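Spelled out, the chains give:
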Amino acid sequence: MSRTASPRKPRASSQARIETILAAARELLAELGVAGLSIYSVAERAQIPPSSVYHFFASVPALLEALTADVHRAFREALSAPIDSSTLTTWHELSRLIEQRMLDIYNEDAAARQLILAQHGLSEVVQADRQHDMELGDLMYKLFDQHFHLPVMPADVDVFALAMELSDRVYARSVQLHEQITARMAEEGKRVFEAYLGLYLPPFLAKRLG
């Protein structure tokens, strides 16, 4: 007797449910901030039972950590996007190009601003953000090294990750004061990022050929 294959795909179904939950949480986060987020509000927005949310995310911090990972995935993609080396004369131009890509993500994604720049005081999210920043710092170092001959960098300080965190503090200040990153504060953030890198990178770096 032949057996009929089950049409169900639990993994795909679970992933679809997770994406639905995260999309609902992202909407609420953008509209109401962290304070407006709960398992029940997410379930209501996603039009699923609260038990389904709890099945994948045991708490609001767990939800926020997942959203933070999603935001940093967008940052990684921004760093991985092609760059025409022929348009770069100095490392400062690369610095500003990268920082503008980060700013574009913040400006287009209210949830990203709430997670990374708003003052929510959730240690789990802050810790996750710092871990992701270390990964981004490594990617950023490799990107600079791809285009320019870098000097030996200190082993005890993650220069690129710290530069990114410092510029984020400027953007966070703007969000706190103006609920957005203003053009003036965006420029200040770029200057902070570039100035900190300038403590370790000389004004001129030789470009890599090819």
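Residues numbered from 1 in each chain as written. Predicted model: local features only at pLDDT ≥ 70, side-chain atom pairs only at ≥ 80, totals over all residues. Heavy atoms only, no water.

On to the packing of aromatic side chains. With the rule as written, the count across this model stands at six aromatic pairs. Plain terms: the ring middles of Y40 and Y54 are 6.4 Å apart, the flat faces sit at 75 degrees to each other, and that makes the pair edge-to-face. Here Y54 lies in helix α3 (residues 50-56) and Y40 lies in helix α2 (residues 39-46), a separation of 14 residues in the sequence. Looking at Y40, the relative accessible area reads 54%, which means it is exposed. Exposure remark for Y54: the relative accessible area of 38% places this residue in the partly exposed category. Considering the side-chain rings of Y141 and F160, the 5.9 Å spacing of their centres and the 70 degrees angle between planes classify their relative orientation as edge-to-face. In this pair, Y141 sits in helix α7 (residues 123-147) while F160 sits in helix α8 (residues 159-178), placing the two residues 19 residues apart along the sequence. A residue is classified by how much of its surface remains accessible, and Y141, at 31% relative accessible area, is partly exposed. Connected via pairs of aromatic rings, a cluster forms that spans F75, Y106 and Y171. (Phe/Tyr/Trp six-rings, centres within 6.5 Å; stacked < 30°, edge-to-face > 60°. Helix = DSSP H or I, 4+ residues; strand = E, 2+ residues; numbered from the N terminus. Buried < 20%, exposed > 50% of the residue type's maximum accessible area, 1.4 Å probe, protein only.)

Moving on, we get to the packing of α8 against helix α9 (residues 183-197). At a closest axis distance of 8 Å, the pairing of α8 and α9 adopts a crossing angle of 160 degrees. Judged by the angle between their axes, α8 and α9 are roughly antiparallel. As for the relative orientation of α8 and α9, their crossing is right-handed in sense. On α9, the residues touching V159, F160, L162, A163, M164, L166, S167, V170, Y171, R173 and S174 of α8 are M185, A186, E188, G189, K190, V192, F193, Y196 and L197. Of the residues that constitute the contact of α8 with α9, the class distribution is 14 nonpolar, three polar and three charged. (Axes fitted to C-alpha atoms, helices over the stretch in contact; angles between N-to-C directions. Parallel < 35°, antiparallel > 145°, perpendicular 65-115°, else oblique. Left-handed = near helix turned anticlockwise from the far one by under 90°. Contact = heavy atoms within 4.5 Å. Nonpolar A, V, L, I, M, F, W, Y, C, P; charged D, E, K, R; others polar.)

Let us now look at unusual backbone geometry. Even without being glycine, Q47 reaches a positive phi, approximately 60 degrees. As for its placement among the helices and strands, Q47 is situated in the loop between α2 and α3. For E179, which is not glycine, the phi dihedral falls at a positive 65 degrees. With respect to the helices and strands, the residue E179 is situated in the loop between α8 and α9. Given the relative accessible area of 69%, E179 is considered exposed.

Turning next to the UniProt feature "domain: HTH tetR-type" (unreviewed entry) in the protein. Here, the residues flagged by UniProt with the feature "domain: HTH tetR-type" (unreviewed entry) are residues 15-75. Secondary structure across residues 15-75 comprises 80% helix and 0% strand; the distance between its end C-alpha atoms is 22 Å. (UniProt positions renumbered as here; feature names shortened; annotations may be inferred.)

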